[in-house]
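Understanding the architecture of this molecule
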Amino acid sequence: MNRTSARLLTIFFLFAMPASTAYEMRDFGFGAGGSSVSDSTTYSSVSIVGEQGGSDKNVGTTYNLGPGLIFTQQSNVPAAPTFTNPSSYYNKLKFVLDTGSNPTDTLFAIAISTDDFVTTNFIQADNTIGASPVYQTYSTWGGAGGANVIGLSVSTTYKIKVKAMQTKYTETEYSVAASATTSAPTLTYDIDVSPTDSDTGAPYTVAFGTLNVGSVTTAADKVWIDIDTNAESGAAVYVYDGAGGLVSSNAGATITSATADLSLVSTGYGLQIASVTQSAGGPLAKVSPYNGASENVGVITTESSQIFSTTSLPITAGRGSVYVKAKASSTTPAAGDYSDTITMIASGSF
Amino acid sequence: MTKLTRRHWLIGAGMLLCLLLGTAWFGWQMLKKNATGQILTDLSDRSQEFIDQERKKSSSSWNQVEFSTPGPQSGDQGSRFSTTCFTISLPFTTRDQKVENTASSCTLAVRVLSPPGRLVIWARPLRSKLDEDTAITLRRLKKDVYTESTLKTTTYGPVLMFQSGDELALFLASKQMLYSFAFTDTTTAKLKESDLQAMLDGFTITLKP
């Protein structure tokens, strides 16, 4: 066929394009790549002439090859997302999407499953899990910082995979899946009694020795607490006692506990936080009225009062210590059995 | 027998009589001391002067020291006492009773003459179980100081008892109240079990404060 014949054949096909009263293919290609998007008020279609449809692809262990225009115009398949449990989360996991070098207006949907996608759900716009896919941009899914999928079950392995879409007919297949496991909810708590930071065992006793009249006595031993929790809203330590003071059956008397500056009152008894530390999270915080200095103490009553807080956040290796202080007056009956039972409990907000 | 010899005999008999009378008087005094348990020695003038000076200082611990005239006195009290929480008949002679009733507790403090010491009976709310009260836990923690046992009573059954060198305490729980009977500064060996049982059998819980 000479060059003139080829031109005539091309013109023939160009003017013999398919048409109907309802649809019109306004443009289509021929040979190696002519294609067109055809729209009406009701339907749209993508047409290609001279190429195979592209429903099949060659699948390898590392790469897949999708032939034809459909695969060509699809968005790039994202790489597997980063899916982790960075802080012993028991009800959430962190994900960071891979853009797949797609444009910034590309939308991503994230599928999630606990049974290797026999059952598939999707991460919703509020980061909970729902049945329908939700498409958002990379930045809306948290960008490079990622986001947490929430409302998960404890001690469960989840898998997520991501698909991308920029406009119509561009949605990709799913990425490779990534998995992460939620932890069990934990709260570790311990008490020690020692002058310095060290582990001790029960029974936990703090001795004042002799209370000198008119001066504040601080027990040599301090009460130490260990607290470690992954509780979503942190934890708190509470304190209460048996009778609101140091009680003596022999004297029939009580050195009553009070929130006071013991250097200014004639008699009293209470607690003062000496130190707070942690290795991560929190921080562990002193709670008023136990956060005083000098001889200021907080009252201990038969009702529990918060003495430590993890600032509404999980905490790792929180450690606090408490002074026990007392003062007797000249009218305090002498006796050798003044005592109190102090109870300190920890509570997590999961 | 010559007149001189008879006189010698009379002098000797007189001396012997005086010796016997003196011995009898001393023996009586000793018996009386044991019977009341009182130390019969008065303070010396110098001691009294020192204490009087000390007690003029408001912060002196001497203000807490109670002084008593030795031996039974006309003002000594009977054995039956009442608070708003309880009544009790004590099988001891007592003195210097103090009763204090508050909204939540009652206290009776008396000085016991025999054996000498102090007795404080205290009724107060029991916040938890008897075993968890600080008075009990303290004494059980200090096993080297306190000896634990039980005292059988007719009215209240077995009652917890703790003894140390100079103190003895009984603990009884009833209707969310703790009743403690604490003898201090006493010779616990001289506190008869029968007297303690009689004390508890003469103890009647009345109303909560």
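What you are looking at is a predicted structure, and each value in this text was computed from that prediction instead of being measured. (Residues numbered from 1 in each chain as written. Chains lettered and ligands numbered in written order. Predicted model: local features only at pLDDT ≥ 70, side-chain atom pairs only at ≥ 80, totals over all residues. Heavy atoms only, no water.)

Residues and elements named next belong to chain A. Scanning the model with the defined rule gives twelve salt bridges over all chains in all. Between Glu232 and Lys92 there is a salt bridge, and its shortest N-O distance comes to 3.4 Å. With Glu232 in the loop between β16 (222-229) and β17 (235-241) and Lys92 in strand β6 (residues 92-96), the pair connects residues that are 140 residues apart, well separated along the chain. A relative accessible area of 32% places Glu232 in the partly exposed class. By relative accessible area, Lys92 is classed as buried at 14%. Note that Lys325 is salt-bridged to Glu295, the shortest N-O span being 2.8 Å. Separated by 30 residues along the polypeptide, Lys325 in strand β26 (residues 315-327) and Glu295 in the loop between β23 (285-286) and β24 (296-297) bring together distant segments of the chain. The class of Glu295 is partly exposed, set by a relative accessible area of 22%. Look at the salt bridges and you will find they share partners, linking Asp192, Asp197, Asp226 and Arg319 into a network. (Salt bridge = Lys/Arg side-chain N within 4 Å of Asp/Glu carboxyl O. Helix = DSSP H or I, 4+ residues; strand = E, 2+ residues; numbered from the N terminus. Buried < 20%, exposed > 50% of the residue type's maximum accessible area, 1.4 Å probe, protein only.)

Now for unusual backbone geometry. For the peptide bond that leads from Ser288(A) to Pro289(A), omega is 10°, which places it in the cis range. Of note, Pro289(A) is situated in the loop between β23 and β24. A cis amide bond links Ser114(B) with the next residue in sequence, Pro115(B), at an omega value of -10°. Relative to the helices and strands, Pro115(B) resides in the loop between β4 (106-113) and β5 (116-125). The phi dihedral of Ser294(A) falls on the positive side, at around 55°, and the residue is not glycine. Summarising the element assignment, Ser294(A) is placed in the loop between β23 and β24. The exposed category is assigned to Ser294(A), whose relative accessible area is 53%.

Now for the sheet that holds strand β11 (residues 147-150) of chain A. Whether parallel or antiparallel, the strands of a sheet pair through hydrogen bonds between backbone atoms. Residue and element names in this part refer to chain A. In space, the three strands of this open sheet follow the order β5-β6-β11, with antiparallel pairing throughout. Edge positions in the sheet fall to β5 (82-84) and β11, since each has one partner strand and no second. For this sheet, the mean inter-axis angle between neighbouring strands, taken without regard to orientation, is 30°. (Pairing = 2+ DSSP bridges. Axes fitted to C-alpha atoms, helices over the stretch in contact; angles between N-to-C directions.)

A separate point is the sheet that holds strand β27 (residues 342-348) of chain A. Residue and element names in this part refer to chain A. Read from one edge of the open sheet, four strands run β23-β25-β17-β27, paired in antiparallel fashion. Each having just a single partner strand, β23 and β27 make up the two edges of the open sheet. Where β17 and strand β25 (residues 305-309) come together, four bridges link them in antiparallel fashion. By the bridge assignment, Val237 is partnered in β25 with Phe308.

Let us now look at the confidence of the model for chain B. All names here are of chain B. On average, residues of chain B score 83 in pLDDT, and 82% of them reach the 70 mark or higher. Per-residue pLDDT, averaged within each element of chain B, yields its smallest value for helix α1 (residues 3-36) (74) and its largest for strand β9 (residues 177-184) (95). Contacts of residues 31-40 to residues separated by more than four positions or lying in other chains number 15 contacts, the stretch itself having pLDDT below 50. Predicted complex metrics record ipTM = 0.70 and pTM = 0.73. (pLDDT = per-residue confidence, 0-100. Contact = heavy atoms within 4.5 Å.)

This next bit is on the interface of chain A and chain B. Interfaces are often described in size by the accessible area the parts lose on coming together. Counting residues at the interface gives 24 residues for chain A and 21 residues for chain B. Of the roughly 1,500 Å² buried between chain A and chain B, counting both surfaces, carbon and sulfur atoms make up 52%. Taken as a group, Ser249(A), Asn250(A) and Ser330(A) account for 36% of the area that chain A buries against chain B, more than any other trio of residues on that side. Residues Asp337(A) and Arg139(B) are paired through a salt bridge, measuring 2.7 Å at the closest nitrogen-oxygen approach. Run the count over chain A and chain B and you get six residue pairs in polar contact (both at pLDDT 80 or more). Secondary structure elements with two or more residues in the side of chain A that touches chain B: β18 (245-248) and β19 (253-256) of chain A. (Buried area = accessible area lost by both parts, 1.4 Å probe. Polar contact = N/O pair within 3.5 Å; in protein donor to acceptor, adjacent residues only side chain to side chain.)

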